[in-house]
Amino acid sequence: MNPIEIMVSYWPRMLDGTLMTLKLTILGALIAGAISPWLALVRSHGSLIAQTPIRIYVSFVRGTPILAQLFLVFYGSGQFRPELMELGLWNFFRDPFNCAILVFVLNSTAYQTEIMRGGIQGVNLGEIEAAKAIGMTRMTILRRVIFPHAYRIAWPALSNEIILLMKASALASVVTVFDIMGRTRQIFSKTFDFSIYLWAALIYLAITSLFVFGWHRIERRLNRHILPRNNANAVS
Amino acid sequence: MLELFSYGDTGWGDEILMGLATTMKLAVATLPVGMIIGFLIAFAAMSGIRAVRYVGVGYTTIMRGLPEILTLFVVYNGAGLLLNSLIKWWNPEAEGTDFSPFLAGVIALAMVFGAFAAEVIRGAYNSLDKGQIEAAAAVGMTPQQTFWRIKLPQLWRFALPGIGNLWINMLKDTALVSVIALDDLMRMTKVAVGVTKQPFTFYLVACLIYWVLCVLSEMILSRMERHANRGVRRA
Amino acid sequence: MIPMDPSGPILSAIDIRKSFGDVEVLKGISLDAKKHDVISILGASGSGKSTFLRCLNFLETPTSGKVIIHGDEINVQNGQPKMSVPIEDIRKRLGMVFQQFNLWTHRTVLENVMEGLIHVRKKSRGEARSIAENYIERVGLSQRVDAYPGHLSGGQQQRVAIARALAMEPDAILFDEPTSALDPELVGEVLKVMQSLAEEGRTMIVVTHEMAFAREVSSEVVFLHQGKVLEKGTPDEMFATPKSEEFKRFIASM
Ligand SMILES: Nc1ncnc2c1ncn2[C@@H]1O[C@H](COP(=O)(O)OP(=O)(O)OP(=O)(O)O)[C@@H](O)[C@H]1O
Ligand SMILES: [Mg+2]
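If you're wondering where the values come from, they're calculated on a predicted model, not measured in any experiment.

Caption draft 1: Structural view of the site of ligand 1. All names here are of chain C. Phe20, Val25, Ala44, Ser45, Gly46, Ser47, Gly48, Lys49, Ser50, Thr51, Glu177 and His209 make up every residue found near ligand 1. Contact between ligand 1 and glycine 48: an oxygen atom at 3.0 Å from a main-chain N or O atom of the residue. Between threonine 51 and ligand 1, the recorded distance is 2.5 Å, taken from a side-chain N or O atom to an oxygen atom. When ligand 1 is considered free in solution it has 640 Å² of accessible area, and contact with the protein chains removes 57% of it. Here the shell around ligand 1 takes three residues from helix 1 (residues 49-56), the largest share from any one element. Broken down by class, the residue content of the shell around ligand 1 amounts to three nonpolar, seven polar and two charged.

As structure tokens, this is what we get:
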């Protein structure tokens, strides 16, 4: 078969795999994105006792292969099957998709926490004091001053992290989740046609490019206030 | 519990240590190959010849955008197919063979490492102090002498933190080769799990071993950084 | 090598021109340095002083002109130099001291001075070491031979840079504003070293904004203006009776 034919016959599976990759990545990134700012706050302003478990968690996640983490959760949960059944959690851990998502969330949360910590620590203290001085509550300061600034600082690094997460999502195929990588291996084992790998590469690159393009557009919006104005009446 | 990890027939300590040795061998073999690829690609990306520059930039862009496991399969299966068709072409009667998973692992990991290292090296190269390079020319050093005696040692200093990170990432990526049947730490753990039916215990131990390797690497790297930065005024 | 007249110039630059893109920053500059000459090059910022100096040892390739060092001639036409010896041979006969010192940060003081001796002059380690120590002492830094440049003051760094240039035993030393990057209180120590070099009879070409140095130490002053030599002469006549309006104004602004 030539490369075109293989795509003609297998495109529904590859499309299905692509959707799965997107699902893993987006879901993982969003859940991690909801948790990490709070951990980052604790990590940069919390007491030492509160910080320590977060530090250990981040260090562990960064110091171990994602594949090992995935096996630890997916196969490891089997060792506690009776206990998990009792808790009603066994159905969750039996499903490789759930385990993959859990691992990606744990992983991305650790990395995003570090990134957001950098962002939060980069916020100008003077601006926080100014907000206090006009009587904003802590929550308002967080919402109106700290987080907007922190996200602006962290935005490019977050983009990198999401691309890393998308690449890591290919590991889900090892525990039989049929993402792009899973479908590719499945098709290869059937056809022994090498070109399916090249198609997979192309799809991954396309996703990355589209993502980078979109992310840049959002970044430009976030940074509106510091970009040079391009209207002509600024100079006369 | 402890006898599970003892050394010898009853425990899995020796198997796991052998796996760890394979993992380390793989990582240590990958590093120099990856660095060479990194330098080649970095210089390609900075070349004055446009076509060469495109190759360099294209390589880093593509390799950094692909999942490492995909690269591994492409190398393993691709090289395997290539090897077999070469053998068939040479001797149509010959049996097909499998491409060495160790070699495939080194090549794939080095290709990934090289792509990221190229970016680190390029950044370091651009932060070299032009004045110091001019000073080398001014005392009469040839461009080759300037490269080996002035640029390279300083490049090292700027590149070390980035390369250190890549080393740690690569160390973790070695776990992927277990998928192509190389008996590394990850795969030996899997074998132990198959027999003992204690997946959590064994995968946790594997994780802890990787963790120790990474933390040790970080400690050594920060010493190396301190050494490389001796004599430089801290800002 | 052409046999030389001992009283003739050891370094000549003839009609040096240099353009960056469409802008001609050197419009035909000539200069002769005889043994023991100390030539100060003065001029406003942007007049082309650094560019000219850098054309002498080909850190910058002139667009056209001729440089003759010890009888070896480099002729440049259309930015293409024609030379009888490798460029490195020319450079090792001309020391250079930079405004920003440009010491190699990964090498100690001693190593900075030894580097060129070993790898360019091809001296043995032992010989290089004793030569280097000698010149480091000459600039008063024997106490700091094992220090890294980052741990020295600007004035000390510049003295090491001078030792590095001296150690190569060049025919002439080029200085590009050697004191401009220094805190005012450190300028003196560097000027003192330079003055002692002049008294020893070293051939020096010095781009500087230090009027006192130009006036009291140099044997000749050259005033550049917009890429041309507008005036030159002994410091006494130059400062006593400036001829051009530009030089008058330049002195007044100092
Ligand atoms: N690499 C370059 N590319 C383009 N223009 C340059 C370059 N180097 C110097 N120039 C221009 O050439 C002119 C002369 O520069 P030069 O550095 O020789 O001046 P200078 O007399 O040494 O001034 P200063 O006292 O500020 O050091 C300036 O207009 C400068 O902008
Ligand atoms: Mg200058």
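Caption draft 2: Quick look at a nonpolar patch on the surface. Residues and elements named next belong to chain A. On the surface, Trp11, Leu15, Leu19, Leu22, Ile26 and Leu30 cluster together into a nonpolar patch covering about 590 Å² of accessible area. Here tryptophan 11 lies in helix 1 (residues 3-45). Residue classification places tryptophan 11 among the partly exposed residues on the basis of a relative accessible area of 48%.

Caption draft 3: Structural view of the pairing of strand 2 (residues 23-34) of chain C. Residues and elements named next belong to chain C. Sheet topology places strand 1 (residues 9-20) next to strand 2; nine bridges connect them, and they run antiparallel. Within strand 2, the position partnered with phenylalanine 20 by the bridge is valine 23. Here strand 1 hands over to strand 2 after two residues, with glycine 21 in that stretch at a positive phi of 60°.

Caption draft 4: Focus on the arrangement of the chains. Here the protein chains form two pairs of chains in contact, of which the pair with the most contacts is chains A and B. Contact between chain A and chain C is absent, and the minimum C-alpha spacing across the pair is 28 Å.

Caption draft 5: Quick peek at the interface of chain A and chain B. At the junction of the two partners, chain A supplies 32 residues and chain B supplies 34 residues. Approximately 2900 Å² of surface area, both sides summed, lies buried where chain A meets chain B, with 77% of it carried by carbon and sulfur atoms. Of all residues in chain A, Leu72(A), Gln79(A) and Lys167(A) bury the most surface against chain B, accounting for 20% of the area lost on that side. The tally of links between chain A and chain B comes to one salt bridge. Note that Glu68(B) and Lys167(A) form a salt bridge whose closest N and O atoms lie 3.2 Å from each other. For the interface between chain A and chain B, the tally reads 10 residue pairs in polar contact (both at pLDDT 80 or more). Secondary-structure elements contributing two or more residues to the side of chain A that touches chain B are helix 2 (48-63), helix 3 (66-74), helix 9 (180-191) and helix 10 (195-222) of chain A. Here the side of chain A that touches chain B takes six residues from helix 10 of chain A, the largest share from any one element. Its residues assigned to classes, the side of chain A that touches chain B shows 22 nonpolar, seven polar and three charged.

Caption draft 6: How the structure looks around the sheet that holds strand 3 (residues 38-43) of chain C. Residue and element names in this part refer to chain C. On the basis of which strands lie adjacent, the open sheet formed by six strands has the order 7-8-9-3-10-11 and mixed pairing. Strand pairing shows two members of the sheet lacking a second neighbour, strand 7 (94-97) and strand 11 (228-233), which therefore form its edges. Each adjacent strand pair in this sheet contributes to an overall mean axis angle of 20°, direction not counted. Each of strand 3, strand 8 (172-176) and strand 9 (204-207) touches helix 6 (residues 184-200); the most contacted strand, strand 9, lies at about 150° to it. The sheet strands contacting helix 9 (residues 245-253) are strand 3, strand 10 (220-225) and strand 11, and the helix crosses strand 10 at an angle near 105°.

Caption draft 7: Up close: the sheet that holds strand 6 (residues 80-83) of chain C. Residues and elements named next belong to chain C. One open sheet accounts for five strands, arranged 2-1-4-5-6; its pairing is antiparallel. Where the open sheet ends on each side, the last strands, each with one partner, are strand 2 and strand 6. The sheet shows a mean angle of 15° between the axes of neighbouring strands, taken without regard to direction. Across five bridges, strand 4 (residues 64-69) lies against strand 5 (residues 72-77) in antiparallel orientation. Within strand 5, the position partnered with glycine 65 by the bridge is valine 76. Along the sheet, helix 1 contacts strand 1, strand 2 and strand 4; its crossing angle with strand 1, the most-contacted strand, is approximately 125°.

Caption draft 8: Molecular detail of the environment of Asp98(B). Structurally, the position occupied by Asp98(B) is in the loop between helix 3 (68-90) and helix 4 (101-126). Among the residues examined, Asp98(B) registers a relative accessible area of 67% and is labelled exposed.

Caption draft 9: Representation of the nonpolar core in the model. Met14(A), Leu24(A), Met181(A), Tyr204(A), Ile69(B), Leu70(B) and Met186(B) are the most contacted members of the largest nonpolar core, which totals 125 residues. The residues contacting Ile69(B), other than those within four sequence positions of it, are Ala170(A), Leu171(A), Val174(A), Met181(A) and Leu176(B). Counting 83 residues, the second-largest nonpolar core is a separate cluster that includes Val139(B), Ala128(C), Ala167(C) and Met194(C).

Caption draft 10: Representation of the packing of helix 1 of chain A against helix 9 of chain A in the model. Residue and element names in this part refer to chain A. At a minimum axis separation of 7 Å, helix 1 and helix 9 run at an interaxial angle of 150°. Judged by the angle between their axes, helix 1 and helix 9 are roughly antiparallel. Taken together, the residues of helix 9 that come into contact with helix 1 (itself represented by Ile6, Tyr10, Arg13, Met14, Asp16, Gly17, Thr18 and Thr21) are Ile180, Arg183, Thr184, Gln186, Ile187, Lys190 and Thr191. Here the residues of the contact of helix 1 with helix 9 are counted per class, giving five nonpolar, six polar and four charged.

Caption draft 11: Representation of the packing of helix 7 (residues 125-133) of chain A against helix 8 (residues 138-169) of chain A within the structure. Residues and elements named next belong to chain A. Running from N to C, helix 7 and helix 8 cross one another at 170°; their axes reach a closest spacing of 10 Å. Classified by the angle their axes make, helix 7 and helix 8 are roughly antiparallel. Judged by residue contacts, Glu127, Ile128, Ala131 and Lys132 of helix 7 engage Ile141, Val145, Ile146 and His149 from helix 8. In terms of residue class, the contact of helix 7 with helix 8 is built from five nonpolar, one polar and two charged.

Caption draft 12: Quick look at the interface of chain C and chain B. Contacts between the two partners involve 28 residues from chain C, matched on the other side by 23 residues from chain B. Surface buried jointly by chain C and chain B totals about 2200 Å² across both partners, of which 51% is contributed by carbon and sulfur atoms. Run the count over chain C and chain B and you get two salt bridges. At the boundary of chain C with chain B, the tally comes to 11 residue pairs in polar contact (both at pLDDT 80 or more). Among the elements of the structure, helix 2 (87-91), strand 7 and helix 3 (109-119) of chain C are those that each provide at least two residues to the side of chain C that touches chain B. For the side of chain C that touches chain B, a count of residues per class yields 11 nonpolar, nine polar and eight charged.

Reading the values: the criteria
- Residues numbered from 1 in each chain as written.
- Chains lettered and ligands numbered in written order.
- Predicted model: local features only at pLDDT ≥ 70, side-chain atom pairs only at ≥ 80, totals over all residues.
- Heavy atoms only, no water.
- Near = heavy atom within 4 Å.
- Polar contact = N/O pair within 3.5 Å; in protein donor to acceptor, adjacent residues only side chain to side chain.
- Areas by Shrake-Rupley, 256 points an atom, 1.4 Å probe, with all protein chains shown as cover.
- Helix = DSSP H or I, 4+ residues; strand = E, 2+ residues; numbered from the N terminus.
- Nonpolar A, V, L, I, M, F, W, Y, C, P; charged D, E, K, R; others polar.
- Patch = residues over 30% accessible without salt bridge, like charges linked within 9 Å, V, L, I, M, F, W, Y side chains within 5 Å.
- Salt bridge = Lys/Arg side-chain N within 4 Å of Asp/Glu carboxyl O.
- Buried < 20%, exposed > 50% of the residue type's maximum accessible area, 1.4 Å probe, protein only.
- Pairing = 2+ DSSP bridges.
- Contact = heavy atoms within 4.5 Å.
- Buried area = accessible area lost by both parts, 1.4 Å probe.
- Axes fitted to C-alpha atoms, helices over the stretch in contact; angles between N-to-C directions.
- Core = buried A, V, L, I, M, F, W, Y, C linked by side-chain atoms within 4.5 Å.
- Parallel < 35°, antiparallel > 145°, perpendicular 65-115°, else oblique.

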